[in-house]
Amino acid sequence: MTQKNICIRVFYVIFLLFYFHTARSQDIKKLDSITEDVIDDVYTEVPKQRFKKKESDSLSRFSFNAFPYIFSSPETKLAFGGGGIMILYAGKGLDLRPSKVEFGGYYSVNNQYRININPQFFFFDNKLYVEMPTSYGFFVNRYWGRGDSTPDYDDAEYAIETFDITLSTQVPPLLFSADRTGLILSYEDSKVVDKRSNELLMNDSLPGSNGAKLFGIGLNLVWDSRDNLFYPNSGRYQSIKILAYPEPSDYVYSMVEFDARAYKAFSEDRVLAVNLFVQTVLGDTPFFKLPALGGKNRMRGYFNGRYVDNFYGMLQAEYRQYFWKRFGFVAFAGMGNVSNTILDYRFDTMKYSFGGGLRYLINKKQKVNLRMDIGITGDGSTGIYFGIQEAF
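Residues numbered from 1 in each chain as written. Predicted model: local features only at pLDDT ≥ 70, side-chain atom pairs only at ≥ 80, totals over all residues. Heavy atoms only, no water.

Asker: Is there a simple way to explain the overall build of the protein chain in this structure?
Answerer: Counting its secondary structure elements, the protein chain contains 4 helices and 19 strands. Residue burial in the protein chain is summarised as follows: out of 392 residues, 52% are buried. Across the protein chain, every contact between residues at least 6 apart in sequence was considered, and the portion connecting residues at least 24 apart equals 59%. When the accessible surface of the protein chain is split by element, carbon and sulfur atoms take 60% of a total near 18500 Å². (Helix = DSSP H or I, 4+ residues; strand = E, 2+ residues; numbered from the N terminus. Buried < 20%, exposed > 50% of the residue type's maximum accessible area, 1.4 Å probe, protein only. Contact = heavy atoms within 4.5 Å. Areas by Shrake-Rupley, 256 points an atom, 1.4 Å probe, with all protein chains shown as cover.)

So this is what it looks like as structure tokens:
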């Protein structure tokens, strides 16, 4: 076993030890039974006055933040846009978690654009969670083929127009030991409007070479003990998604996704966050829906989709700290790879990325950050990402 492989395995072992240590070292109740004292400490600025609060106070805890931005990423090049977040409470209960509506849009110098909105609501003392992300955009994307060692070439571009909407509802579990279980319904209509000179897309036998209409239905299991939804100091988050795309979808396939996160504070707001993400597909999967390495939240610095295949596994860690008034910084590193199956996953071709970023606290009460990250990859490519809330 090479020294490189030993280091990688040690990284995974450290994650597992850290993850289970956070579970054993904290006496944190489940989301639906979190105490009034914890809610007040996290979501109010004067927790000592918790007993003087009235239920109607939750209705007044409304905030709205919007901002313009300029960014550059491997996918968009230079782009101009704006976005924001609205935080509110969809009820009167003191234990109710904050709901939010995220929105944004951008236009890039290579004529890409995207408009998106993502409402997420908690109802009935957190017993009902509803989410419905919706987006529409035109993208100049790239496809290099499948695998962890696809060569880079200039004619990888193609243009695709996409509309997608997903409805996810979650309630307390009846059959599973999760905090919430839910149903997922999704629809996507993607059209490859210009194949450019990409020879891989000229072959109509490639699934999705002309686009696809996809109808998905699935199940979601969530375990959530984070002390704050926007800037956790402690707790864990785990999510399992299982989605099937049956007929009348243009392509029939299924997807399984596992997302595990753990948070440990050395002191207040000085946090180490760790994230393990795994995604796999089975069946006749469109090439643009294959698990993809890269993007603004995982393996930052890589083009989102630089490496794609049926299986994707990634591990990342990030240190977060405020250093002056509302300003903070992060430092992060990650590693991951794609493969045909989990049994084919290779550590000797593992991809690496690292970087750092700045944070500005735009919402002090809810601890919502504006973020700017710079990611650098093992092969020398870079990406600059701008957004709201943490990467994970």
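Asker: Hey, could you run me through the nonpolar core in this one?
Answerer: Generally speaking, a soluble globular protein has its nonpolar side chains buried in company with each other. Judged by nonpolar contacts, the single largest core of 37 residues is most densely connected at Tyr143, Tyr158, Leu201, Phe287 and Val368. Mapped by element, the contributors of at least two residues to this core are strand S1 (63-73), strand S2 (77-88), strand S7 (157-171), strand S8 (180-194), strand S9 (211-224), strand S10 (234-245), strand S11 (253-267) and strand S18 (368-377). (Core = buried A, V, L, I, M, F, W, Y, C linked by side-chain atoms within 4.5 Å.)

Asker: Could you clarify how one ought to interpret unusual backbone geometry in this entry?
Answerer: Leaving glycine aside, a negative phi is the common case for residues, and trans is the common case for peptide bonds. Here glutamate 247 and proline 248 are connected by a cis peptide whose omega angle stands at 20°. Following the sequence through the fold, proline 248 ends up in the loop between S10 and S11. In this structure, asparagine 111 takes a positive phi of about 65° despite not being glycine. Note on placement: asparagine 111 falls in the loop between strand S3 (99-108) and strand S4 (113-123). The exposure class of asparagine 111 is partly exposed, given its relative accessible area of 45%. One non-glycine residue with positive phi stands out, namely aspartate 125, at about 55°. Locating aspartate 125 in the fold gives a position in the loop between S4 and strand S5 (128-131).

Asker: Hey, could you run me through the pairing of strand S17 (residues 351-363) in this one?
Answerer: Residues in a regular strand point their side chains to alternate faces of the sheet. Relative to S17, strand S16 (residues 327-339) is paired through 10 bridges, and the arrangement is antiparallel. Pairing of phenylalanine 329 across the sheet is with leucine 358, part of S17. Bridging between S17 and S18 involves 10 bridges; their strand directions are antiparallel. What sits directly across from asparagine 363, in S18, is valine 368. Joining the antiparallel neighbours S17 and S18 is a turn of 4 residues, in which lysine 367 adopts a positive phi near 65°. (Pairing = 2+ DSSP bridges.)

Asker: Help me understand a negative patch on the surface in this model?
Answerer: Together, Asp152, Asp154, Asp155, Glu199 and Asp379 make up a negatively charged patch on the protein surface. Following the sequence through the fold, aspartate 379 ends up in the loop between S18 and strand S19 (382-388). A residue is classified by how much of its surface remains accessible, and aspartate 379, at 48% relative accessible area, is partly exposed. (Patch = residues over 30% accessible without salt bridge, like charges linked within 9 Å, V, L, I, M, F, W, Y side chains within 5 Å. Salt bridge = Lys/Arg side-chain N within 4 Å of Asp/Glu carboxyl O. Lys, Arg positive; Asp, Glu negative; His and termini not counted. Charge placed at Lys NZ, Arg CZ, Asp CG, Glu CD.)

Asker: Sorry, what's going on with the side chain of asparagine 118 here?
Answerer: On the secondary structure map, asparagine 118 appears in strand S4. By relative accessible area, which is 14% here, asparagine 118 ends up buried.

Asker: I would appreciate a short explanation of the packing of aromatic side chains in the present structure.
Answerer: Centre-to-centre distance and the angle between the planes together describe a pair of aromatic rings. In total, this model carries 25 aromatic pairs according to the counting rule given. Put simply, the rings of Tyr143, Tyr158, Phe287 and Phe288 touch in pairs and so form one group of aromatic residues. When the ring centre of tyrosine 129 is taken as origin, the NZ or CZ atom of arginine 180, which lies over that ring, is 5.0 Å away. Across from the ring centre of tyrosine 307, 4.6 Å away, lies the NZ or CZ of lysine 351, which sits over that ring. (Phe/Tyr/Trp six-rings, centres within 6.5 Å; stacked < 30°, edge-to-face > 60°. Lys NZ or Arg CZ within 6 Å of the ring centre and 35° of its normal.)

Asker: Can you walk me through the confidence of the model for the protein chain in this structure?
Answerer: Atomic detail in the predicted coordinates should be set aside for any region of low pLDDT. Averaged over the protein chain, the pLDDT score is 86; the fraction of residues at 70 or greater is 84%. Of the regions scoring below 50 in pLDDT, residues 23-59 engages in 66 contacts with residues more than four places distant in sequence or in other chains. (pLDDT = per-residue confidence, 0-100.)

Asker: Hey, could you run me through the side chain of glutamate 102 in this one?
Answerer: Counting through the fold element by element, glutamate 102 comes out in strand S3. Of note is the side chain of glutamate 102, whose polar atom sits 3.4 Å from the side chain of glutamine 120. With residues near it in sequence (within four places) discarded, glutamate 102 still touches Gly84, Ile85, Asn116, Ile117, Asn118, Gln120, Ile388 and Gln389. (Polar contact = N/O pair within 3.5 Å; in protein donor to acceptor, adjacent residues only side chain to side chain.)

Asker: Looking at this structure, how should I read the pattern of salt bridges?
Answerer: Side chains carrying opposite charge are able to pair once their charged atoms draw close together. A full pass over the atoms with the stated rule returns 20 salt bridges. One salt bridge in this structure joins aspartate 224 and arginine 226, with 2.8 Å as the shortest N-O distance. Across this residue pair, the class does not change: aspartate 224 and arginine 226 are buried. Where arginine 320 meets glutamate 318, a salt bridge forms, and the shortest distance between an N and an O atom there is 2.7 Å. It is possible to trace a salt-bridge network through shared partners that takes in Arg300, Glu318, Arg320, Arg359, Arg371, Asp373 and Glu390.

Asker: Honestly, the environment of proline 246 in this entry has me stumped. Any pointers?
Answerer: Its place among the elements puts proline 246 in the loop between S10 and S11. Counting along the chain gives 31 residues from proline 246 to phenylalanine 215, while the straight-line C-alpha distance between them is 7.0 Å. The residues contacting proline 246, other than those within four sequence positions of it, are Phe215, Ile217 and Val252.

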